[in-house]
Every structure is written in structure tokens, then in C-alpha cells.
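Structure assessment
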Amino acid sequence: MTEKAKITFVTGGSGGIGKSATARMLAHTLGLHGYRTGLVDGNPGQQSQRSYLRIPDSKALEYAMVDGLQAALVKPRDTGGAFALLAGPADPQSRDANRDYMEAIIGLRSMCRMIVVDSDRIDGRLWDDASSFAGGLMRPMVEEAGARIIFRIGSTGSQLDDGLAALDAIGRADATLAIPVVAPGMRAGGAGRWRRMLSGLASYGGEDLWDARSAALLDPKRRACGWPKGMEPEWLVRCAVWAGADEKRWRPEGGGRVWPWTR
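Below is a summary of the structure that appears in this document.

Parameters at a glance
Residues numbered from 1 in each chain as written. Predicted model: local features only at pLDDT ≥ 70, side-chain atom pairs only at ≥ 80, totals over all residues. Heavy atoms only, no water. Helix = DSSP H or I, 4+ residues; strand = E, 2+ residues; numbered from the N terminus. Expected span 1.5 Å × (residues − 1). Contact = heavy atoms within 4.5 Å. Buried < 20%, exposed > 50% of the residue type's maximum accessible area, 1.4 Å probe, protein only. Pairing = 2+ DSSP bridges. Salt bridge = Lys/Arg side-chain N within 4 Å of Asp/Glu carboxyl O. Phe/Tyr/Trp six-rings, centres within 6.5 Å; stacked < 30°, edge-to-face > 60°. Axes fitted to C-alpha atoms, helices over the stretch in contact; angles between N-to-C directions. Parallel < 35°, antiparallel > 145°, perpendicular 65-115°, else oblique. Nonpolar A, V, L, I, M, F, W, Y, C, P; charged D, E, K, R; others polar.

Every α-helix carries 3.6 residues per turn, so stepping three or four residues along brings you back to the same face. Here helix α9 (residues 157–170) is 14 residues long and its end C-alpha atoms lie 20 Å apart, about the 20 Å a rise of 1.5 Å per residue gives. Those residues of α9 hidden inside the fold are in contact with α7 (124–127), β5 (148–154), β6 (176–182) and α10 (191–198). Once α9 finishes, glycine 171 follows within two positions and takes phi at roughly 65°, a positive value.

It is worth spelling out the pairing of strand β1 (residues 6–12) at this point. In terms of burial, β1 is a largely internal element, six of the seven residues being buried. Where β1 meets β5, five bridges bridge the pair, whose relative direction is parallel. Looking at β5, one finds that valine 10 is bridged to isoleucine 150.

Further remarks concern the pattern of salt bridges. A complete count under the given rule lists 11 salt bridges for this structure. Put simply, aspartate 208 and arginine 152 hold a salt bridge, and the shortest N to O gap is 2.9 Å. Here arginine 152 lies in strand β5 and aspartate 208 lies in strand β8 (residues 208–209), a separation of 56 residues in the sequence. Residue classification places arginine 152 among the buried positions, given a relative accessible area of 1%. Between arginine 172 and aspartate 174 there is a salt bridge, with the nearest N and O atoms lying 2.8 Å from each other. Each of Asp96, Arg99 and Asp100 takes part in one network of salt bridges that share partners.

Sheet faces and side chains relate simply in a regular strand, where the side chains alternate between the two faces. Among the six residues that make up strand β2 (residues 37–42), six are buried, leaving the element largely enclosed by the rest of the structure. Neither face of β2 is left uncovered, since the one carrying Thr37, Leu39 and Asp41 and the one carrying Gly38, Val40 and Gly42 both have all their residues buried. Sheet analysis places β2 next to strand β4 (residues 114–119), joined by six bridges and oriented parallel. Following the sheet pairing, threonine 37 is matched in β4 by methionine 114.

It is worth spelling out the packing of aromatic side chains at this point. Evaluated as defined, the whole model comprises two aromatic pairs. Ring centres 5.3 Å apart and planes at 85° place the aromatic pair tyrosine 101 and phenylalanine 133 in the edge-to-face group. On the criterion of sequence distance, the pair formed by tyrosine 101 in helix α6 (residues 97–108) and phenylalanine 133 in helix α8 (residues 133–145) is long-range, its members being 32 residues apart. Through a chain of ring-to-ring contacts, the aromatic side chains of Phe9, Tyr101 and Phe133 assemble into a single cluster.

What follows covers the packing of helix α1 (residues 19–32) against helix α12 (residues 234–242). Interhelical geometry of α1 versus α12 gives an angle of 70° and a closest axis separation of 10 Å. Relative to α12, the element α1 is oriented roughly perpendicular. Residues Thr22, Met25, Leu26, Thr29 and Leu30 of α1 touch α12, and the partners they reach there are Trp235, Leu236, Cys239 and Ala240. For the contact of α1 with α12, the class distribution of residues is seven nonpolar, two polar and no charged.

This paragraph deals with the environment of proline 76. The residue proline 76 is located in helix α5 (residues 76–79) in this model. Sequence spacing of proline 76 and glycine 31 is 45 residues, and the spatial spacing of their C-alpha atoms is 9.7 Å.

A word on unusual backbone geometry. For residues that are not glycine, phi is negative in most cases, and the peptide bond is trans in most cases. One non-glycine residue, glutamine 47, adopts positive backbone phi at about 50°. In this structure, glutamine 47 sits in the loop between β2 and α2 (48–53). Residue glutamine 47 is classed as buried on the basis of its relative accessible area of 7%. For arginine 54, which is not glycine, the phi torsion reads 60° and is therefore positive. Along the chain, the position of arginine 54 falls in the loop between α2 and α3 (61–67).

Below you can see the structure in the form of C-alpha cells.
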């Protein structure tokens, strides 16, 4: 595999808007459509992927530095999805976490076609702080290594205001795709409204309209990793294409039928 993997960070300006679920769904659909995909649990404090996928403490970021990436990765047979997972650090307070993440992601670039990084919320202070995950890892990878951002943004209130402020601080409309989140019972805002609001801040990727099907995919008892192949919502397909995938693979006659990992 000579082509370096494309890197996509999934983040947002607020908590509780589905960042981890989106990262998992994106990694799953990329894998289902034939891309060898690694999902990185990049929120050391929360580690939502570890919790949701029930990954044991014996799999941790630090061990990749000791035993190698192949030993540290949780393969698809154990994640239940079409991706391998690199779990977060065993010590969430480790001062070496950013360095370990950087080295691991660089190593994964030669093993995968796609890397999806589940990241914590972001704001202007974190973007400018070189000791934070956002400022010390996400920012240099976007600015120097061509990584891209998928940004979940709320449609009203503080989730909208915080999201717009964070996008303004990032200042990389060329590298950022915004996915507005519409909670149950709320009306969609419409593409025209969002394109005007996001002008100069991010590209518009379509609204994620939460409904009963979305809720079912977040049920930890089911441990579903994403939408069935061919049933993905349009916003998720746009995320996959933004991450570097070929849109043709999501058409009924598309390819990607070969399992991309050795289970």
C-alpha cells in the first residue's frame, strides 16, 4: 500500500451533538464500501468508542508504542464494525498522549486507506493551545498534512452560537465540512439558510435529521456501528466523499465488495 491514508477529524463546538456516533458511522460505511479504515478514539478523557464498543483496558494507545500498532488495534471481529479501532490511552492524563497519538496516526497512514479520528469539542482557545489535542495535533495535521474536518453543529441556541464561533476560530473553510444537527421535533433549516450562515466558515454537508432510526443506532445494547450498506443518509455519504472516498461506491452499482481487513 503506497498511498498514504487520508485523515479526517470529527469534532464540533458543543457536547452531545453526535460527534462520536458520526465518527463511528463514517468509519463503518467507509469500511463497508471497501476502504481499509482505522478509527481512532481521540478523546482521552471520555473515550466514547471504548465505552460503546466495550473495549477492554488491555487495548490502549500507549501499548502501540511498545507492542506495535498491529497488536494495539482492535480488529473488526471485536469492534463489530467494518473498521479497526485504536483505543485511547490507559492514562487519560498522560502528558505524552498528543505525542503518542501523532506517532500512532502517522503509523496508521501506511496501514490504512482512511483514518477517522473521533475528537473532543473545540473552541478558539483550544485551537490556539499547542498542548491541547485540537491545537497540538488536529491543527498541525490540517495545516501541514492535508487532514480534513467534519464539524457537527447544533441548529439553535448555544450549540449553534458555540459552533459558529469555533468554525470562525479554525478559519479553514477549505478543509471543513459542517453537518447541522436537527433534534427530534425541530424543523429543518434548509440548505439555503445553512449555506448563507456557513459562508466563509465551512462547506455545507447536509442536515442530520435525528429520528427513531438514528436513536436505534445509538442504543448501546445493540452496539450498532452504523447504517446498513446502501441505506446511509445523504449527509453521511457526503462525509465519506469529503473524507476522500469515491462517491460512485455508494451507488447501487458501486464497488467495494471486498472485505478490507483480515478479520
